[in-house]
Amino acid sequence: MAWPTPQEYNEAIQNPPTAFTDPELRNGQPVLTPLGLPRPITGNFASVYQMVCAHQRVWAVRCFLRDFDDHQERYAAISQHLAQLNLPYMVNFTFLADGIRVGGNRYPILKMEWVEGEPFLPYIERNLMAPAILLDIARQWVQMAQTLAQAGIAHGDLQHGNLIVVQGRLKLIDYDGMYVPSLAGRRSHEVGHRNYQHPQRSEATFGPEIDHFSSWIVYTSLVALAAEPSLWQRLRGGDECLLFRREDFVAPERSPTLATLEQVGDARLTRLAATLRTLLALAPEEVPPVYAQIDLNAIRAQSSINWLRDHLGGAQKAPSTASQTVGQAAQTQQGKASWLEDFIGAPDAVASSASYRRERTAAAASAALLTAAWLLIDLGAPGLATPALTVAAVIAGNLGYLGYRYRLQAEVVARRVLHRQLRTLHRSRHALEQEIAVIKRNEEHIQRVHNQQISRIERALTAVQQTEQRTLAAENERHRRRIEKLQVQRQRQQQEETLKVQQIEMHFKERITDIDRRLAAIGQAETNARRKLLEERRRRFVAEFLHRQKIEKALITGIGPAVKERLKEHGIVRVTDITAERLAGIPGIGATRADLLLTWRQRVESLAWQGAPTRLDRNDERAVHRHHARLHDQLHKERDRLERKLAKQLTAVHDKAARQTTRLAEEEAKLEDRHRRQVAEIRKRQRERTTVLLAERNEIDRQAETFLAEIEQMGSGLARRQQQLDAEQSALNALLAQRETLHFRTYLRRVFWPR
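Residues numbered from 1 in each chain as written. Predicted model: local features only at pLDDT ≥ 70, side-chain atom pairs only at ≥ 80, totals over all residues. Heavy atoms only, no water.

## Some words on the overall build of the chain
Thinking step 1. If you tally the helices and strands in the chain, you get 22 helices and 9 strands.
Thinking step 2. By residue count, 38% of the 755 residues in the chain fall in the buried class.
Thinking step 3. Partitioning the intrachain contacts of the chain with sequence separation of at least 6 by distance along the chain shows that 69% fall at a separation of at least 24. (Helix = DSSP H or I, 4+ residues; strand = E, 2+ residues; numbered from the N terminus. Buried < 20%, exposed > 50% of the residue type's maximum accessible area, 1.4 Å probe, protein only. Contact = heavy atoms within 4.5 Å.)

## Considering the packing of aromatic side chains
Thinking step 1. Evaluated as defined, the whole model comprises 11 aromatic pairs.
Thinking step 2. Ring centres of Phe64 and Tyr75 lie 6.0 Å apart, and the angle between their planes is 50 degrees; on these two criteria the pair is classed as tilted. Pair noted here: Phe64 is in strand β4 (residues 58-64) and Tyr75 is in helix α4 (residues 71-85), with a separation of 11 residues, a long-range link. Taken as a pair, Phe64 and Tyr75 share a single burial class, namely buried.
Thinking step 3. Among the aromatic residues, those joined into a ring-pair cluster are Phe64, Tyr75, Phe93, Phe95 and Tyr175.
Thinking step 4. Above the ring of Trp59, the side-chain terminus of Lys111 is found at 4.4 Å from the ring centroid. (Phe/Tyr/Trp six-rings, centres within 6.5 Å; stacked < 30°, edge-to-face > 60°. Lys NZ or Arg CZ within 6 Å of the ring centre and 35° of its normal.)

## Brief notes about empty space enclosed by the protein
Thinking step 1. Following the criterion strictly, the structure yields 6 cavities of 30 Å³ or more and no others.
Thinking step 2. When its volume is computed, the largest cavity comes out at roughly 90 Å³.
Thinking step 3. As for the largest cavity, its lining consists of Ala145, Leu148, Ala149, Ile153, Pro208, Asp211, His212, Ser215, Pro289, Val290 and Tyr291.
Thinking step 4. The set of elements that each furnish at least two residues to the lining of the largest cavity consists of α6 (131-150) and α7 (212-227).
Thinking step 5. The greatest single-element share of the lining of the largest cavity, amounting to 3 residues, is contributed by α6.
Thinking step 6. The class makeup of the residues in the lining of the largest cavity is 8 nonpolar, 2 polar and 1 charged.
Thinking step 7. Of the pockets and cavities examined, the second largest cavity occupies roughly 60 Å³.
Thinking step 8. Around the second largest cavity sit Gln197, His198, Arg201, Thr205, Glu209, Ile210, Phe213 and Pro284, which together line it. (1 Å grid on protein atoms, 1.4 Å probe; cavity = no way out; pocket = protein on both sides within 12 Å on 5 of 7 lines; lining within 4 Å. Points joined across faces, edges and corners; volume = space filled by probe spheres on them. Nonpolar A, V, L, I, M, F, W, Y, C, P; charged D, E, K, R; others polar.)

## Description of the sheet that holds strand β8 (residues 163-166)
Working definition: the strands of a sheet are paired by backbone hydrogen bonds and lie parallel or antiparallel to each other.
Thinking step 1. Strands sit in the order β7-β8-β9 across an open sheet of 3 strands; the sheet is antiparallel. Single-partner strands in this sheet number two, and they are β7 (118-119) and β9 (169-172).
Thinking step 2. Where β7 lies against β8, 2 bridges are found, and the strand directions are antiparallel. The partner of Glu118 across the bridge, within β8, is Val165.
Thinking step 3. Against the sheet, α6 touches β8 and β9, its axis set at about 45 degrees to β9. (Pairing = 2+ DSSP bridges. Axes fitted to C-alpha atoms, helices over the stretch in contact; angles between N-to-C directions.)

## Regarding the confidence of the model for the chain
Thinking step 1. Confidence in the prediction for the chain averages 83 pLDDT; 89% of positions are at 70 or higher.
Thinking step 2. Throughout residues 294-354 the model reports pLDDT below 50, and contacts reaching past four residues in sequence, or to other chains, amount to 68 contacts. (pLDDT = per-residue confidence, 0-100.)

## Considering the environment of Ile457
Thinking step 1. Among the secondary structure elements, Ile457 is positioned in helix α17 (residues 410-548).
Thinking step 2. Measuring from C-alpha to C-alpha, the distance between Ile457 and Thr690 comes to 9.6 Å, with 233 residues separating the pair along the chain.
Thinking step 3. Residues within four places of Ile457 in sequence aside, it is in contact with Leu693, Glu696, Arg697 and Ile700.

## Some words on the layout of surface pockets
Thinking step 1. Volume-wise, the second largest pocket comes out at about 1000 Å³.
Thinking step 2. Arg194, Arg245, Arg246, Glu247 and Thr462 are, among the 27 residues lining the second largest pocket, the residues nearest its centre.
Thinking step 3. Elements represented by at least two residues in the lining of the second largest pocket include exactly α9 (246-250), α10 (256-263) and α17.
Thinking step 4. Classifying every residue of the lining of the second largest pocket by side-chain character gives 6 nonpolar, 9 polar and 12 charged.

## A look at unusual backbone geometry
Thinking step 1. Within the chain, Asn86 stands out as a residue other than glycine whose phi angle is a positive 55 degrees.
Thinking step 2. Of note, Asn86 is situated in the loop between α4 and β5 (93-102).

## Observations concerning the packing of α7 against helix α11 (residues 267-280)
Thinking step 1. Running from amino to carboxyl end, α7 crosses α11 at an angle of 160 degrees, the nearest separation of the two axes being 10 Å. Regarding the angle of α7 to α11, the classification is roughly antiparallel. Crossing handedness for the pair α7 and α11: left-handed. The segment α7 lies against α11, with Phe213, Trp216, Ile217, Tyr219, Thr220, Val223, Ala224 and Ala227 engaging Arg268, Leu269, Leu272, Thr275, Leu276, Leu279 and Leu280.
Thinking step 2. Partitioning the contact of α7 with α11 into residue classes produces 12 nonpolar, 2 polar and 1 charged. (Parallel < 35°, antiparallel > 145°, perpendicular 65-115°, else oblique. Left-handed = near helix turned anticlockwise from the far one by under 90°.)

## Regarding the pairing of β4
Thinking step 1. Of all 7 residues in β4, 6 are buried, a share of seventy percent or more.
Thinking step 2. Hairpin connection from strand β3 (residues 46-52) to β4: 5 residues lie between these consecutive antiparallel strands, with His55 at a positive phi of about 60 degrees.
Thinking step 3. Bridge count between β4 and strand β6 (residues 105-113): 5 bridges; the pairing is antiparallel. Across the sheet, Arg62 pairs through a bridge with Leu110, a residue of β6.

## What about the pairing of β6?
Where a strand is regular, its side chains alternate between the two sheet faces.
Thinking step 1. Where β5 and β6 come together, 7 bridges link them in antiparallel fashion. Bridge pairing in β6 places Leu96 opposite Ile109.
Thinking step 2. As consecutive antiparallel partners, β5 and β6 are separated by 2 residues, and within that stretch Gly103 has a phi angle of approximately 60 degrees, a positive value.

## Some details on helix α20 (residues 591-611)
Thinking step 1. Here α20 is 21 residues long and its end C-alpha atoms lie 30 Å apart, about the 30 Å a rise of 1.5 Å per residue gives.
Thinking step 2. When α20 is considered as a whole, its buried residues turn out to be Ala594, Leu597, Trp600, Arg601, Val604 and Ala608. Along the axis of α20, the buried positions cluster into a sector of 125 degrees, meaning they face one direction only. In this structure, α20 carries Ala591, Thr592, Gln602, Leu607 and Gln610 as exposed residues pointing more than 90 degrees from its buried face. (Expected span 1.5 Å × (residues − 1). Arc of directions from axis to C-beta.)

## A look at the packing of α6 against α7
The description of two packed helices rests on the angle between their axes and on the distance between the axes.
Thinking step 1. At a closest axis distance of 8 Å, the pairing of α6 and α7 adopts a crossing angle of 165 degrees. Classified by the interaxial angle, the pair formed by α6 and α7 is roughly antiparallel. With respect to the hand of their crossing, α6 and α7 are arranged in left-handed fashion. Residue-level contacts link Pro131, Leu134, Leu135, Ile137, Ala138, Trp141, Val142 and Ala145 of α6 to Ser214, Ser215, Val218, Tyr219, Leu222, Val223, Leu225 and Ala226 of α7.
Thinking step 2. A breakdown of the residues in the contact of α6 with α7 according to their chemical character gives 14 nonpolar, 2 polar and no charged.

Okay, structure coming up:
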């Protein structure tokens with residue numbers, strides 16, 4: 001099942017009652033753009049919509065753009081763990097597995113409490129000249145990191161986009177990559193923002209320590225900005241980062257940000273920069289938490305694992321294996337130099353008196369010669385020059401002979417041999433050190449050239465990536481404008497359809513309503529027609545009855561034939577002719593007779609009305625009913641005709657709208673297909689260029705690795721030779737120390753004054 005695109009979510013959320021399954025969201029309304037469309041906040045993994053529901057309660061609806069198999073399990077575990085803690089940094093949320101319906105399928109959503117606050121980067125930029133506020137945020141940051149760690153939680157993507165400042169307090173959002181203890185052993189679905197994460201972090205790194213490095217980055221940035229606000233402009237802060245970028249982590253030795261912190265002249269920033277360089281030498285899971293406040297300089301003297309154990313676990317240090325190894329190596333090398341001891345021999349005991357027989361014989365002969373010379377002087381030998389010269393010669397000869405014999409002494413010979421060997425070793429070490437220096441210079445040169453080439457390729461890769469991003473951004477913007485144009489057309493078409501339908505319905509419904517009103521009035525009209533016809537029949541009956549009543553035949557009390565004749569002469573023959581006006585003009589008819597005549601007329605009229613019919617006959621009834629039935633049928637036929645005409649016109653409008661909608665959908669599909677092909681082509685070109693650069697970098701790495709391996713092999717041989725020379729020198733020094741120093745004065749004492 002394909003996952004919905006942001007555009008498909010946009011279309012679905014335009015009609016909340018059919019889109020959402022949650023009752024509260026179904027009765028809500030999305031916040032709209034000036035074009036009348038839902039306003040999404042779209043990221044890499046989700047689009048977020050703001051829904052205003054009953055009682056002005058506002059929710060954030062997070063619609064996922066990618067599918068993960070364990071979505072529901074992860075959010076269930078996260079929700080359960082957070083519900084037990086009630087941390088002040090978190091936002092309440094509910095995971096709805098079938099929360100939204102798009103294109104006939106249901107997809108999960110996240111219903112979160114909408115938090116009104118200021119995004120992190122604008123807040124920091126606004127308070128650059130308020131170091132107290134920045135330091136307070138840094139303090140909150142460390143406290144939050146410690147609180148999350150104590151709760152066994154790691155957010156997984158600590159960065160500016162997931163931070164909101166609400167009345168000066170930090171709030172965390174977006175829990176897609178969160179770690180809680182019940183998720184231990186799983187992989188992460190994301191590795192966080194590139195400008196905040198350790199360069200070695202991967203999806204396999206998923207545990208309570210994944211926030212440690214990003215915590216250090218945010219904390220260092222906040223402290224640096226509090227100490228030196230100008231760093232924001234100098235290091236282009238706010239460009240998808242606080243101060244640091246991924247390039248600073250990948251190559252810290254070439255990092256302009258770290259170099260700038262070290263050159264600011266603030267000892268705190270210098271220490272923090274050194275700390276970050278040290279952290280980058282560790283694996284992501286070995287980075288210590290920012291709140292621990294440990295001595296990070298200890299890392300340089302120990303392995304990262306021992307350092308963590310020593311400083312975090314408080315365990316006693318075990319004897320250094322490396323020191324034991326070096327000691328054993330020294331003993332081995334000392335054993336290899338035992339040939340010197342074999343050559344020189346063991347220290348001799350003090351020479352006995354017989355060892356100096358030659359020296360003493362020579363001394364005795366010299367004494368005899370001197371005695372003879374002085375005897376000649378005593379016997380009167382001429383002059384003193386010859387004896388004096390003889391004495392001087394004897395003394396000089398004895399001293400020369402004793403010096404010669406002194407140099408042949410075992411102790412003197414042994415020390416002379418040892419000193420000669422030490423001088424030879426010194427010359428060998430000097431030559432060896434010169435060779436090692438040459439090798440180091442060659443290694444540094446190769447490394448420097450390698451770094452220059454790698455930097456060039458990295459810049460080229462960055463340029464390729466930036467070019468791809470710019471090209472993709474331009475293409476996405478063009479695609480967005482095209483889609484928005486289609487959306488405007490679709491909105492206009494929908495509005496035109498709605499307006500046309502309203503006009504047609506209004507026109508026909510007025511006429512249909514009039515017919516319904518007339519139909520409703522037919523029953524009353526039929527009743528009125530019956531009443532009117534009956535009244536007409538009664539009046540006709542009375543008129544005919546009165547017309548038949550003649551005065552001359554009637555018996556009227558007080559009116560005799562003469563009076564009747566007089567009345568006839570004046571044209572009053574029937575009862576209907578009797579009126580007060582006409583009677584007043586007849587002679588002989590006084591008021592009394594006029595009253596009698598008028599009274600008689602009233603009695604006759606009363607009798608006529610009493611005899612008049614009180615209801616219509618069957619023929620009249622049928623005639624009235626048939627007339628109104630025909631009228632009712634005509635109105636019904638007219639109403640049916642109008643309804644058919646209304647349905648026909650509405651169908652025509654809807655069919656036209658459907659054709660336009662289909663055309664727009666086909667055009668949108670073509671745009672999407674074209675956009676996908678163009679994006680694929682852009683990425684293909686980028687991959688090809690990247691492949692060429694990566695191949696070049698691999699070749700450079702291979703060549704450098706080959707050269708460095710050869711140099712390392714030579715260096716290893718020289719290092720072993722240096723160790724041998726060191727061991728030989730140590731052995732010679734030890735032997736030299738064991739040999740007794742025989743001074744010439746001691747030698748003379750042994751020769752002439754033996755004990």
